[in-house]
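Given next are the chains, with one letter for each unit.
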Amino acid sequence: MGVLDQSIEQSVFLIPVLHEVLKPDNVDEFFHDFVDEMKVLQQKGLNLNSKHYTIKISIVLADAPARSLVKQCAIFNSYYGCERCTQKGTWLRRVTFLELDASPRTDEYISLQLQKNHHNNLSPLCSLELGLVTQVAIDHMHLVFLGVMRKFLHLWVKGKFQFRLGTKDIRSMNQYIISITKYTPKEFHRKPRFLKEIDHYKATEFRLFLLYTGITILSNILPKENYNHFLRLQCAIYILLSPNGSSVEWNTFAKSLLQKFVSQVPDLYCNESLVYNVHNLLHLKEDALKYGNLNNASCFPFENYMQSLKRLIRGKKHIMRHVVNRSSELTSLVKNNIGTEKSSKTIWNNYVLSSKYGDNCFITKDKRIILID
């Protein structure tokens, strides 16, 4: 899937579609057509409607296993699995990364394969004008929300005895979660759920907890030092997701918060918690600085599009035919403005406004709070 990052709508579109039970055995063959077409586009550009467009790859987005496949490098949970620094992991019943300031990995490390243990093979994308370190982002959806936030929430709710919260505290958290459910605006696609359903939480639910609700839910639950530790993560990620993420001053501040967060993990929890996801918090600020903020380097739009693709499938047979035919039909409908009438909802600056709880309150630029009756 891809997006034209300089277009107005920035709609997700299909590039290749693969339906297999397992990952492709031959990566060169899998990427062959894409690489050949992309070489031509990078060299000659594209002529469309009497205009000439220069085509470049801005960024590659994928989760950690997929990035390993694309770059043909070591898997994330191996000793040399970090994509951004050259340190060797330490075995503590799992691979951990204990260093905070290891030497950074560069694009040349990939193209020249300077650290042999990090590479499985030469990536087919090396033949393109693409930096396989600087232009392959560490997606924060998988790293922060489905990785780090899920890990620590699991520790507090279902973890080892020394980290797990008491039954009374978990009950208090559940009561607070339910009390705010009806006040959650439509911009959050999922309402908060009981913590007993944590194993089924989606990335958007962990995002809601980390960035918004967790600040108040945990305020009188976690020990003060652990709570401040959580706030460092919350504040840093909030900055990197905001327009300030590319500001050198704010980015440096977020970096210091994440360094402090990671450095405190062994003392507040254990060394075993310094796994790939926690370690790579140290490298997130690089993507925010390069791409404006982490929202510009996110898998969320593609994950949402994937769900819409799944809804196009109407049976277990001829799956590829279903996807291709229905996608073509939807594209045709959009081009002809069929079924695309505007909704009757009041939308202002991409926010839904109504008299319903959750969508009936907003703050103005002069700091006044407005309530819609």
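Structure shown above.
Anyway, here's the lowdown on the structure attached to this text. (Residues numbered from 1 in each chain as written. Predicted model: local features only at pLDDT ≥ 70, side-chain atom pairs only at ≥ 80, totals over all residues. Heavy atoms only, no water.)

## Let's talk about empty space enclosed by the protein
Which parts of space are left empty comes out when a probe the size of a water molecule is rolled across the atoms. Under the counting rule described, the total for this entry stands at two cavities of 30 Å³ or more. If you trace the largest cavity, you find it lined by Ile177, Ile180, Lys191, Pro192, Arg193, Tyr201, Glu205, Leu208, Phe209, Thr213 and Ile217. Taken together, the residues of the lining of the largest cavity sort by class into seven nonpolar, one polar and three charged. As a volume, the second largest cavity reaches approximately 50 Å³. (1 Å grid on protein atoms, 1.4 Å probe; cavity = no way out; pocket = protein on both sides within 12 Å on 5 of 7 lines; lining within 4 Å. Points joined across faces, edges and corners; volume = space filled by probe spheres on them. Nonpolar A, V, L, I, M, F, W, Y, C, P; charged D, E, K, R; others polar.)

## Looking at helix 1 (residues 27-44)
With 18 residues, helix 1 extends 25 Å from end C-alpha to end C-alpha; this agrees with the ideal 26 Å at 1.5 Å per step. Asp33 marks where helix 1 bends most, by close to 40°. Inspection of helix 1 places Val27, Phe31, Val35, Met38 and Gln42 among the buried residues, and these make up the whole buried set. Turning to helix 1, the residues buried within the fold contact helix 2 (64-71). (Helix = DSSP H or I, 4+ residues; strand = E, 2+ residues; numbered from the N terminus. Expected span 1.5 Å × (residues − 1). Bend = angle between axes of the 7 residues up to and from the residue. Buried < 20%, exposed > 50% of the residue type's maximum accessible area, 1.4 Å probe, protein only. Contact = heavy atoms within 4.5 Å.)

## Regarding the nonpolar core
Core analysis: the largest hydrophobic core is formed by 62 residues, its most contacted members being Phe145, Phe152, Trp156, Phe209, Leu210, Ile237 and Leu281. If you tally residues by element for this core, the top one is helix 4 (residues 140-158), at eleven residues. Discounting residues that sit within four places of it in the chain, Phe209 has contacts with Met149, Leu153, Trp156, Met173, Gly214, Ile215, Ile217, Leu218 and Phe230. Counting 14 residues, the second-largest nonpolar core is a separate cluster that includes Phe31, Val70, Leu132 and Val136. (Core = buried A, V, L, I, M, F, W, Y, C linked by side-chain atoms within 4.5 Å.)

## Considerations on the packing of helix 6 (residues 203-217) against helix 7 (residues 224-241)
In contact at an axis separation of 9 Å, helix 6 and helix 7 are set at 140° when each is read in the N-to-C sense. Here helix 7 runs oblique to helix 6, going by the angle between their axes. Judged by the sense of rotation from one axis to the other, the crossing of helix 6 with helix 7 is left-handed. Contact residues: helix 6 offers Phe209, Leu210, Leu211, Tyr212, Gly214 and Ile215, while helix 7 offers Tyr227, Phe230, Leu231, Leu233, Gln234, Ile237, Tyr238 and Leu241. Within the contact of helix 6 with helix 7, the residues separate by chemical class into twelve nonpolar, two polar and no charged. (Axes fitted to C-alpha atoms, helices over the stretch in contact; angles between N-to-C directions. Parallel < 35°, antiparallel > 145°, perpendicular 65-115°, else oblique. Left-handed = near helix turned anticlockwise from the far one by under 90°.)

## Considering a nonpolar patch on the surface
Side chains of Leu4, Phe13 and Ile15 sit close together on the surface and give an oily, nonpolar patch of about 270 Å² of accessible area. Structurally, Leu4 can be placed in the segment before helix 1. (Patch = residues over 30% accessible without salt bridge, like charges linked within 9 Å, V, L, I, M, F, W, Y side chains within 5 Å. Areas by Shrake-Rupley, 256 points an atom, 1.4 Å probe, with all protein chains shown as cover. Salt bridge = Lys/Arg side-chain N within 4 Å of Asp/Glu carboxyl O.)

## A word on the packing of helix 5 (residues 167-179) against helix 6
Interaxial distance between helix 5 and helix 6 falls to 10 Å at its minimum, and their mutual angle equals 120°. With respect to each other, helix 5 and helix 6 are oriented oblique. Of the two elements, helix 5 crosses helix 6, and the hand of that crossing is right-handed. The segment helix 5 lies against helix 6, with Met173, Tyr176 and Ile177 engaging Phe209, Thr216 and Ile217. When its residues are assigned to classes, the contact of helix 5 with helix 6 shows five nonpolar, one polar and no charged.

## Thoughts on unusual backbone geometry
For Asn49, which is not a glycine, the phi torsion comes out positive at approximately 50°. Note that Asn49 resides in the loop between strand 1 (46-48) and strand 2 (51-53).

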